[in-house]
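So the chains spell out like this:
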Amino acid sequence: MTQHLDSQATLDESILALVKQDRRLHPILEATGMPSLRRREPGFVGLAHIVCGQQLSTASAAAIWGRLSAAFDPLDADAIKRARADRLGRLGLSAAKIKTLKHIARELSAERLNLDVLANEDADAAHHTLTALPGIGPWTADVYLLFCLGHGDAWPAGDLAVQEAIRIGLGLSKRPTAKEMMPIAEIWRPLRGAAAHLWWSYYRAIKKREGVLGAANTADEANSVSNKVAVAKRSSSSKTITGAKAAK
């Protein structure tokens with residue numbers, strides 16, 4: 001049964017269960033304290049928000065998202081489906097992003113895609129459903145599952161900050177690749193999403209900086225140093241999402 005991280009209490013319980021299950025996480029939790037739950041809007045808007053920030057600085061992405069939100073009220077799949085490509089382009093969206101958003105909108109309209117049901121699917125199956133969409137890479141899929149749907153087992157294996165935190169926290173000789181991150185996280189199933197929250201908090205504690213969400217720039221690469229999603233930095237108590245700036 002899929003675990004959902006839909007409240008701070010649920011995240012707390014999940015973290016404590018992980019620490020009990022894997023004692024290596026005990027000093028990690030001691031260093032970070034209990035991480036805060038971070039969520040954002042689900043559905044088309046949540047996915048579109050992530051897509052719009054890909055490969056852009058936080059400021060640029062926020063500006064584009066602001067213009068898009070102001071131009072379409074409400075901003076939903078039908079509005080984007082009907083919108084002319086040149087109008088979307090004038091708002092700052094690239095041709096690639098327009099293609100991605102319009103494809104998602106058409107799939108939702110034709111009921112070939114249901115983003116909500118992904119919250120209850122196996123994490124790997126839900127990940128595959130999303131990455132089958134043009135322009136949606138592995139990292140974007142995992143971030144949507146984790147932060148927009150609260151999927152308790154979503155695992156952002158390509159996130160550079162999580163990789164770096166695990167390298168330091170588990171005493172690895174080098175930062176693990178996205179492929180290497182998968183077997184590392186097996187012991188944390190079905191709570192890999194809670195583990196990701198913990199490792200992001202650990203990254204913040206050891207690096208003394210907050211990350212910003214990144215996004216994949218190819219279908220094969222899960223993360224990129226230059227890719228960022230438009231998410232303003234929040235205090236640790238707010239229920240927003242935060243991802244990883246490329247660790248150095």
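Here is a short report on the structure shown in this document. In this text the structure is predicted, and so the values were computed from the model without any measurement.

What counts and what doesn't
- Chains are numbered independently. Their residues run from 1 in the order of the written sequence.
- The model is predicted, so local features are restricted to residues of pLDDT at least 70 and side-chain atom pairs to those at 80 or more, both for listing and for counting; the totals for chains, interfaces and linings are taken over all residues.
- Derived side-chain values reflect all non-hydrogen atoms in the structure, with water molecules and hydrogen atoms excluded from consideration.
- Remark: nonpolar core denotes a set of buried residues (Ala, Val, Leu, Ile, Met, Phe, Trp, Tyr, Cys) joined through side-chain atoms within 4.5 Å.
- Burial classes: relative accessible area under 20% of the type maximum marks a residue as buried, over 50% as exposed, and values in between as partly exposed (1.4 Å probe, protein chains only).
- Residue contacts follow a heavy-atom distance rule, with two residues in contact if any of their heavy atoms lie within 4.5 Å.
- Secondary structure is summarised from DSSP: a helix means a run of H or I of at least four residues, a strand means a run of E of at least two, and numbering begins at the N terminus for each.
- One side-chain nitrogen of Lys or Arg within 4 Å of one carboxyl oxygen of Asp or Glu is enough to make a salt bridge.

This part covers the nonpolar core. In this structure, L68, L130, W155 and W199 are the most contacted members of the largest nonpolar core, which totals 67 residues. For W155, the residues in contact, after removing those within four places along its chain, are D142, V162, I166, M181, M182, A185, W188, R192, A195, A196 and W199.

All right, on to the environment of L93 then. Examined against the element boundaries, L93 turns out to sit in the loop between helix 6 (85-90) and helix 7 (95-109). Note on L93: relative accessible area 5%, which makes it buried. Between the C-alpha atoms of L93 and L68, which are 25 residues apart in sequence, the distance is 8.8 Å. In this view, L93 contacts C52, I64, L68, L88, I98 and L101; residues no more than four positions away in its chain are not counted.

A separate point is the pattern of salt bridges. A side chain with one charge may pair with a side chain of the opposite charge, provided their charged atoms come close. The tally for this structure, following the rule as stated, stands at 14 salt bridges. A salt bridge links D86 to R90; the nearest nitrogen and oxygen atoms lie 3.9 Å apart. Here R90 and D86 lie together in helix 6, a separation of four residues that amounts to about one turn. Here R167 makes a salt bridge to E164, at a shortest N to O gap of 2.8 Å. Here R167 pairs with E164, and both are found in helix 10 (residues 160-169), just three residues apart, close to one helical turn. We classify R167 as partly exposed; its relative accessible area is 25%. One salt-bridge network, in which partners are shared between bridges, spans D124, D153, E186, R189 and R192.

Here we come to helix 9 (residues 138-148). With 11 of its 11 residues buried, helix 9 lies for the most part within the structure. For helix 9, the full list of buried residues reads P138, W139, T140, A141, D142, V143, Y144, L145, L146, F147 and C148. Against the buried residues of helix 9 lie helix 3 (43-53), helix 8 (123-131) and helix 12 (192-207).

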